[in-house]
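Residues per chain are reported as follows:
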Number of protein chains: 2
Amino acid sequence: MSRERAVPRRRRAPAALAAAVLALSGALSFAAELLPVGTRDGVQELLERAARGTRAAEWTRRLCDEVGPRLSGSPGDRAAVAWAQRVMREIGLTGVRAEPVTVPRWKRGEETGEVLAPYRHRLVLTALGGSVPTPVGGLVGELVAVPSLEALDALLAKDPGAVRGKVVFFHRKMLRDSPGNGYGSVVPIRTEGAARAGKAGASGVLIRSVGTSSSRLPHTGAMRYAAGGPRIPAAAVSAPDADLLERLSASGRRVVVRFRLGCRNLPDAVSANVVGEVRGSERPEEVVLLGAHLDSWDLGTGAIDDGAGCGIVLEAARLIAEAPRRPGRTVRVVLFANEENGLAGGREYPRAHAGELPRHVAALEADGGAGRTKGFGWSAGEGAEPVLAAISSLLSPLGASGLRKGGGGADIGPLRASGVPLLSPDQEGASYFDLHHSADDTFDKVDPASLEQTATALSAMAFALADLPEPLPRLPEEAPAARR
Amino acid sequence: MSRERAVPRRRRAPAALAAAVLALSGALSFAAELLPVGTRDGVQELLERAARGTRAAEWTRRLCDEVGPRLSGSPGDRAAVAWAQRVMREIGLTGVRAEPVTVPRWKRGEETGEVLAPYRHRLVLTALGGSVPTPVGGLVGELVAVPSLEALDALLAKDPGAVRGKVVFFHRKMLRDSPGNGYGSVVPIRTEGAARAGKAGASGVLIRSVGTSSSRLPHTGAMRYAAGGPRIPAAAVSAPDADLLERLSASGRRVVVRFRLGCRNLPDAVSANVVGEVRGSERPEEVVLLGAHLDSWDLGTGAIDDGAGCGIVLEAARLIAEAPRRPGRTVRVVLFANEENGLAGGREYPRAHAGELPRHVAALEADGGAGRTKGFGWSAGEGAEPVLAAISSLLSPLGASGLRKGGGGADIGPLRASGVPLLSPDQEGASYFDLHHSADDTFDKVDPASLEQTATALSAMAFALADLPEPLPRLPEEAPAARR
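Cut-offs applied
- Residues numbered from 1 in each chain as written.
- Chains lettered and ligands numbered in written order.
- Predicted model: local features only at pLDDT ≥ 70, side-chain atom pairs only at ≥ 80, totals over all residues.
- Heavy atoms only, no water.
- Pairing = 2+ DSSP bridges.
- Helix = DSSP H or I, 4+ residues; strand = E, 2+ residues; numbered from the N terminus.
- Axes fitted to C-alpha atoms, helices over the stretch in contact; angles between N-to-C directions.
- Contact = heavy atoms within 4.5 Å.
- Buried area = accessible area lost by both parts, 1.4 Å probe.
- Salt bridge = Lys/Arg side-chain N within 4 Å of Asp/Glu carboxyl O.
- Polar contact = N/O pair within 3.5 Å; in protein donor to acceptor, adjacent residues only side chain to side chain.
- Buried < 20%, exposed > 50% of the residue type's maximum accessible area, 1.4 Å probe, protein only.
- Parallel < 35°, antiparallel > 145°, perpendicular 65-115°, else oblique.
- Left-handed = near helix turned anticlockwise from the far one by under 90°.
- Domains from an automatic or database assignment.
- Phe/Tyr/Trp six-rings, centres within 6.5 Å; stacked < 30°, edge-to-face > 60°.

J.: I would appreciate a short explanation of the sheet that holds strand S15 (residues 402-405) of chain B in the present structure.
T.: Strand pairing in a sheet relies on backbone hydrogen bonds. The paired strands run either parallel or antiparallel. Residues and elements named next belong to chain B. Strand order across the open sheet formed by eight strands is S1-S10-S12-S11-S13-S16-S14-S15, with mixed pairing between neighbours. Each edge of the open sheet is held by one strand with a lone partner, namely strand S1 (94-107) and S15. Going across the sheet, the axis of each strand differs from the next one's by a mean of 25 degrees, ignoring polarity. Note: strand S13 (residues 360-365) against strand S16 (residues 422-427), two bridges, orientation parallel. Its bridge partner being in S16, Leu-364 is matched across the sheet by Leu-423. Contacts from helix H9 (residues 344-352) reach S1, strand S10 (264-278), strand S11 (283-293), strand S12 (329-336) and S13, with the element oriented near 135 degrees to S1.

Here you go:
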């Protein structure tokens, strides 16, 4: 797909370039008031160069094909840390290093499921990350179906013994583009379902996969037990299997399932945040951070989550590294460890770089898949908006000039406490949760042209932020107690 | 989904009914010239009754949920034969019986695959139906990638030893709505790939799944070895895995795979064609056959292939059985055995009913999924078209009045030699090959409203054919030597 699409795109380049230059000339008149001519010229040069083709999809493809799945502490994770350093050196970054991060280690085992009654069926399921295993022969239990955590509470209020010794099945559907049933509102079932059901005496938990696909592939994701609480096995069934369980439960007949999870929690391992830089030409001690996460879940090859983000930030940095004039500040790429099941990389970075944080002028994270960028979300101090608007106006030829308050990312989130302005590309992502955390998260799902557009937008934004005469106004610092 | 959709549909019924009656009054003026008023009234009554709700989706759901997968000779197959007889009696069919059919028996085992070089990857694959197993420890081999059978021939013409001891990987993509790369043109790779590669000394065969989905679920399907030729293991990899193998092969590096198939060919078993009738009111010895196939592949629950067809023909027959006036001829439902991997049911039926075939006035098969019907394909003798056009005009309120020469079906195909006119609904099916023969063929993919519309159209067509004063002109009989 990559090669097939790249050819027509390059053939289109001259026309696209002409249109871009035309559009830029208008945007520049607005940007002129707030951005120095050198910064504007630098952004324009970068956009023109990127329009002749970028290598974002190449980095993502290579990470997926040469490394593949890379769950924290796994052999794939180690391979990814080595791979990332090689590629950073290959594209001309300096100060390339692996900064150690202690990460949790959880390993999937064999996993099988079946319905035993009222009819026998195979159940397609996958352990949630962090789950304890079932007994070797499997866990057999009668199903108690409830849509949500709140429905479980309501059931327990009526009958505190309602789920004792049973398997609780949470069947709330995540809906596409639904504010009420979106990822954020459904995901607590995955993270807390086992803790809540376990506390009520359940023997196990099944959830409907948190995702929007109707495919028979389950979606994994992190879960956590309550400290000192019971630890019961937890798995996600695929959407069609959830539909089946829901139909069988609704029929009023007794539903009995058996599932077997061979997963294990192992001792912590050492992974790394992989760091590389384009050193600033004037104030190299000041840093614009470009982040993505290097780890992935184990079922797919981590293409959209977050191989895409890795490809985007590596290419964004390469485009800056090859600029005829580098920006004044340092652009630092950080490929974070352990975003998926612990966020240890995102937490470790501010500890390891505490002294530098006042000189981190902005942090941008790409962890929203491989879709086109419509603009940027941003969180910064008062007075930042006109400056960001001036930069964004330069991105209008890409269709990426939107601005929305509230940017950030899981890995860069811990920098907020130190007042670092946070940004993230707002990417199209209608199919993102079809693939997310499932075996379907593979490179064929990446549209190279969209990935290139996002890499270009991020690169231009980072260039400008690293080249502003004055850094963006910072966020108010949080008191140490409030820090995560 | 079934229940949620059924409610608004029933609320809409009065308006839909009014529109249907209005449309019918126009159509009737044309049909009047060729169809007796009693037949027209019978069809109209049936359409009005069906507009108040049908139970097609209920039969399909129950087959999927109460039986599930039902590969020939498996426990599911036996359960399906019992289930079908129960449901036929439940809906008022008579003469319900299981007519024995000897079927091949093939059983899937554990199956795993991996890429060993140039990078380690899991390969998601599934054995093709009929494949021999690999050695217990798996088959390891270097991959030779070719797009097609023709490309293999071309390679062998240059170097007869090109695939000796290697695993041939056929990677032709089936494309959606593509005449050149549709199912019919790609499927010979699945059926003949192992025979052709085995003859050239290959140790195994992998094919890109024959399907249109980009999901990480492989599609199985029948394959056959050449009589007396080598029998090498054959499996289909999912589309994303095929993309990976293609990328790795295109890189020019040596690609080594290992796969393990635990499948087995077992002694033949006895299954059955399940038969039930609505006995004709005037010429009960003359038969309109309504066919679908009861068996399914083992990965999904056989919802669209062909639980949908079973639901359609059962409901079509029920609508006729409950008519205030039954048609003159007998409407016979046949749920065929073993369509997927042998067609033993379709071949057995004309043997078991040889004496009756001259009195089979038409056979209709529903094996095209769960989509809406746009009209009918038909194969009949000269003079049939005006009669079919008159009947079809009565179906215009359903949007099902199209006619296309060339109807038929795998199970009813063997009746052609005896001159029996063959028909099949032309159903919408853009997503059919996304699901076909994969674990994704599950009931949630069935749109109940579309299934009801097709059941209604088929029922009305069957009613009219069973009630015509003169049967449809027959096809020319084939000489016994030409018979399949």
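Back to the text.
J.: Sorry, what's going on with the interface of chain A and chain B here?
T.: Frequently, the measure chosen for interface size is the accessible area that the parts lose on association. If you look at the interface, chain A gives 28 residues, while chain B gives 28 residues. A combined buried area of about 2,200 Å² lies between chain A and chain B, and 48% of that area is made up of carbon and sulfur atoms. Taken as a group, Asp-65, Arg-216 and Arg-247 of chain A account for 27% of the area that chain A buries against chain B, more than any other trio of residues on that side. Viewed at the interface, chain B and chain A are joined by two salt bridges. Across the pair Asp-65 of chain B and Arg-247 of chain A runs a salt bridge whose closest N-O atoms are separated by 2.7 Å. Our count for the chain A to chain B interface comes out at 14 residue pairs in polar contact (both at pLDDT 80 or more). Those elements giving two or more residues to the side of chain A that touches chain B turn out to be helix H3 (56-67), strand S3 (121-123) and helix H7 (239-250) of chain A. Take the side of chain A that touches chain B: its biggest share by element is six residues, from H7 of chain A.

J.: What am I meant to see in the pairing of S13 of chain B here?
T.: Side-chain direction in a regular strand flips from residue to residue, so the side chains alternate between the two faces of the sheet. Residues and elements named next belong to chain B. Of all the six residues making up S13, six are buried; the element is thus mostly covered by neighbouring parts of the structure. One ladder, built from five bridges, connects S11 with S13; its direction is parallel. The residue of S13 that forms the bridge with Val-288 is Ala-362.

J.: What should I look at first to understand the packing of helix H2 (residues 37-51) of chain A against helix H12 (residues 448-467) of chain A in this one?
T.: Geometry of a packed helix pair, given as the angle between the helix axes and the separation of the axes. Residues and elements named next belong to chain A. Relative to each other, H2 and H12 sit at 160 degrees, their axes nearing to 10 Å. Classed by the angle they form, the pair H2 and H12 counts as roughly antiparallel. In the packing of H2 onto H12, the handedness of the crossing is right-handed. Together, Gly-38, Thr-39, Gly-42, Val-43, Leu-46, Leu-47 and Ala-50 of H2 and Thr-456, Ser-459, Ala-460, Phe-463, Ala-464 and Asp-467 of H12 make up the contact between the two elements.

J.: Would you take a moment to explain the domain arrangement of chain A for this structure?
T.: All names here are of chain A. For chain A, the assigned domains are domain 1 (2-105 + 268-482) and domain 2 (109-262). Computed over C-alpha atoms, the centres of domain 1 and domain 2 are 36 Å apart. Taken residue by residue, the interface counts 15 residues in domain 1 and 16 residues in domain 2. Where domain 1 touches domain 2, the interface holds one salt bridge. Where domain 1 touches domain 2, the interface holds seven residue pairs in polar contact (both at pLDDT 80 or more).

J.: Help me understand the packing of aromatic side chains, please; the structure alone is not making it clear to me.
T.: Any two aromatic rings considered together are summarised by their centre-to-centre distance and by the angle between their planes. Counting across every chain of the model gives eight aromatic pairs over all chains. Relative to Phe-433 of chain B, the ring of Tyr-183 of chain B lies with its centre 4.5 Å away and its plane at 25 degrees, an arrangement referred to as stacked. Here Tyr-183 of chain B is found in helix H6 (residues 183-199), whereas its partner Phe-433 of chain B is found in helix H11 (residues 432-435), with 250 residues between them in sequence. By the ring-pair criterion, three or more aromatic residues cluster together here, those being Tyr-183, Tyr-432 and Phe-433 of chain A.

J.: Explain the sheet that holds strand S15 (residues 402-405) of chain A to me, please; I cannot follow it from the model alone.
T.: Residues and elements named next belong to chain A. Across the sheet, eight strands lie side by side as S1-S10-S12-S11-S13-S16-S14-S15; this open sheet has mixed pairing. At either end of the open sheet lies a strand with only one pairing partner, and these are strand S1 (94-107) and S15. Each strand axis lies, on average, 25 degrees off the axis of its neighbour in the sheet, ignoring direction. When strand S14 (residues 373-379) meets strand S16 (residues 422-427), the two strands line up antiparallel, connected through six bridges. Along S16, the bridge assignment pairs Gly-375 with Asp-426. Set on the sheet, helix H4 (residues 75-90) makes contact with S1, strand S10 (264-278) and strand S12 (329-336); between it and S10 the angle comes to about 5 degrees. Here helix H9 (residues 344-352) sits on the sheet and contacts S1, S10, strand S11 (283-293), S12 and strand S13 (360-365); the angle it forms with S1, its principal contact strand, is near 135 degrees.

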